[in-house]
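# Structure assessment
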Amino acid sequence: MSQNRFLQDWALPALIGLTMAALLLVLFPQLRGANPTPPQESWQGPISYAQAVNMAGPAVVNIYTRMALPQRQHPLFNDPLFRRLFDNMNVPQRERMQSNLGSGVIVSDNGYILTNHHVVDQAAAIVILLADGREAHARMVGSDVDFDLAVLKIELDNLTSISVGEPESAQVGDVVLAIGNPFGVGQTVTQGIISAKGRHLENSGTGSHLQNFLQTDAAVNPGNSGGALVDSRGRLLGINTSILNQSGYSGGISFAIPANIAFKVMQDIIAYGRVVPGWLGIEASAISPQMAKEFKLASTGGVMITAIYNESPAHSAGLKPGDVITHIDGLPIGDGKQGEATMATLRPGDTISITFTREGASHTVEATVSVKPDTTAPEE
């Protein structure tokens, strides 16, 4: 067999086959029989929340209060006949002390603490236990029953205040941590997610002004009230305040006052001794499906102005009865509850944008928030 015939019949086809095999192995490594290295999966959430707890934990305190309650000396006082007799005789009362517990959050390096009004209401003495073991007696700066918030002050050095997050930017599904003192066992951390935003609770006992709660499934129990709800970075999102459970124990549904509203209330209490709500000078009603149909509105979102106060911010901005307000500062107000919460964060003198519809057309105007005057009448 000649050399040319050998190359033509055997060597050249073998070389071509080996070249093709090598190319296939390069293009398809799985043909080698070995498992390729799997791609690295992206991981957005932390494996541990210890860093967030280390950031926020030192700013969360335990609160112990003592409350003086009147008590009649004579055991027959509960009988109506003897009660009248004792009242006529001016039988003296004696006091008994009742202890209560809760949580609070250090929000400034100079010792201001936010907690719930119901934690310190009528307290004769308030003791703060810090995470580092120090104790201090707290002074009541002021409180507001409608918002269920109170501001305390302690005089200690080297305090750790909490970092504040952005509750208005938080989303349903975000991981949150509740830090507090449940049942008085000491600082405890529970974990969950934001279950809903902008919750409005009827007859919740948590105040009448604020209706923009953050809802969470993080376990919150008696003693957690006034504690911190923080995000996965340890930044304050809200003040834990309410449990939707008649037994008083966590049932997977609890609520927190958003931090931006809590801070506005605190600033008002410190500056004025009371809450100074923003005022636009309108009376409005939610839009029912029947109203939307009657007035040919695109949806039931927003509120319809039913009356405007003379010389009020809304009056000066050109709003009229019959206008439908849909947004404040670009944020939808829904059935009006979100609008109330937005107004709760505003201070007199703030300028806001108001988007409204009139005769089917959308308009946006600016108004300067003011304080509601003592006596005024709306313009129908």
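Below is a summary of the structure that appears in this document. This one's a predicted model, so the numbers in the text were calculated from it and none came from an experiment.

This next bit is on the overall build of the protein chain. Per the secondary structure count, the protein chain includes eight helices and 20 strands. Counting across all 380 residues of the protein chain, residues that qualify as buried make up 39%. Pairs at least 24 apart in sequence give 62% of the contacts found in the protein chain among residues at least 6 apart. Total accessible area on the protein chain stands at roughly 21200 Å², and carbon and sulfur atoms take up 52% of it.

It is worth spelling out the packing of aromatic side chains at this point. One pass over the full model with this rule turns up two aromatic pairs. With centroids separated by 5.6 Å and ring planes inclined at 65°, the aromatic side chains of Trp 279 and Tyr 309 adopt a geometry described as edge-to-face. Taken together, the residues Trp 279 in the loop between helix H5 (259-272) and strand S14 (282-286) and Tyr 309 in strand S15 (residues 303-309) connect sequence positions 30 residues apart. Overall, the relative accessible area of 13% leaves Trp 279 in the buried class. The class of Tyr 309 is buried, set by a relative accessible area of 10%.

Right, let's get into the environment of Asp 144. Positionally, Asp 144 belongs in strand S6 (residues 139-144). Relative accessible area serves as the criterion here: at 15%, Asp 144 is assigned to the buried category. Through-space distance from the C-alpha of Asp 144 to that of Gly 273 is 9.7 Å; in sequence the pair is 129 residues apart. Leave out the neighbours within four places in its chain, and Asp 144 touches His 117, Leu 149, Ile 269 and Val 275.

On to unusual backbone geometry, then. Phi at Lys 296 takes a positive value of approximately 55°, unusual for a residue other than glycine. Assessed through its relative accessible area of 77%, Lys 296 is described here as exposed. For Asp 329, which is not glycine, the phi torsion reads 55° and is therefore positive. Within the secondary structure, Asp 329 sits in the loop between strand S16 (324-328) and strand S17 (331-332).

Once that is clear, we can look at the nonpolar core. Counting 45 residues, the largest nonpolar core has Leu 114, Ile 128 and Ile 162 as its most contacted members. Of all the elements, H5 adds the most residues to this core, at seven residues. In this structure, Ile 162 is in contact with Ala 56, Ala 59, Val 105, Ile 106, Val 107, Ala 228, Val 230, Gly 234 and Leu 236, ignoring residues within four places of it in sequence. Of all hydrophobic cores here, the second largest spans 18 residues; its members include Met 343, Leu 346, Val 365 and Val 369.

To continue, consider the sheet that holds strand S8 (residues 175-180). Two strands in a sheet stick together by hydrogen bonds in their backbones, pointing the same way (parallel) or opposite ways (antiparallel). The sheet built from six strands closes into a barrel, its strands ordered S8-S9-S10-S13-S12-S11 with antiparallel pairing. Between one strand axis and the next, the sheet turns by 45° as a mean value, whatever way the strands run. Taken together, the six bridges between S8 and strand S9 (residues 188-199) define a ladder with antiparallel strand orientation. Within S9, the position partnered with Gly 180 by the bridge is Thr 188. Contacts from H5 reach strand S12 (236-243) and strand S13 (254-258) within the one sheet, and its direction differs from that of S13 by about 55°.

If charged atoms from side chains of opposite charge come close, those side chains can pair. Applying the stated rule across the entire model yields six salt bridges. The shortest N-O distance in the salt bridge between Arg 134 and Asp 132 comes to 3.0 Å. Between Lys 153 and Glu 155 there is a salt bridge; the shortest N-O distance is 3.1 Å. Given a relative accessible area of 62%, Glu 155 falls into the exposed group.

Moving on, we get to the side chain of Asp 231. Mapped onto the secondary structure, Asp 231 falls in strand S11 (residues 228-231). Looking at Asp 231, its side chain comes within polar contact range of the main-chain nitrogen of Arg 233, at 2.9 Å. A distance of 2.8 Å separates polar atoms of two side chains, one belonging to Asp 231 and the other to Arg 235.

Parameters at a glance
- All chains use their own residue numbering, which begins from 1 and follows the written sequence.
- Local features in this predicted model are restricted to residues of pLDDT 70 or higher, and side-chain atom pairs are both shown and tallied only at a pLDDT of 80 or more, whereas totals for entire chains, interfaces and linings draw on every residue.
- Based on all heavy atoms of the structure, the side-chain values leave hydrogens and waters out of the count.
- Helix and strand labels come from DSSP, where a helix needs a run of H or I of at least four residues and a strand needs a run of E of at least two; each type is numbered from the N terminus.
- A 1.4 Å probe rolled over the protein chains alone gives each residue an accessible area, and that area as a share of the maximum for its type sets the label: buried under 20%, exposed over 50%, partly exposed in between.
- What makes two residues a contact is simply this: any of their non-hydrogen atoms within 4.5 Å.
- Each accessible area is a Shrake-Rupley result for a 1.4 Å probe, and residues are judged covered by the shown protein chains and nothing else.
- Between the rings of Phe, Tyr and Trp (Trp by its six-membered ring), a pair exists once the centres lie within 6.5 Å; its type follows the angle of the planes, with under 30 degrees stacked, over 60 edge-to-face, and the other angles tilted.
- Residues grouped as a nonpolar core are buried Ala, Val, Leu, Ile, Met, Phe, Trp, Tyr and Cys residues, joined through side-chain atoms within 4.5 Å.
- Following DSSP output, two strands are said to pair if at least two bridges run between them.
- Axes here refer to lines fitted to C-alpha atoms; in helices the fit is confined to the stretch in contact. Angles between the N-to-C directions go from 0 to 180 degrees.
- What makes a salt bridge here is a side-chain nitrogen of Lys or Arg within 4 Å of a carboxyl oxygen of Asp or Glu, nothing more.
- Between N or O atoms, a polar contact is any pair within 3.5 Å; within protein, one atom must be a potential hydrogen donor and the other a potential acceptor, and residues adjacent in sequence are included only when both atoms are from side chains.

As far as function goes, none of this settles anything; it's purely spatial.
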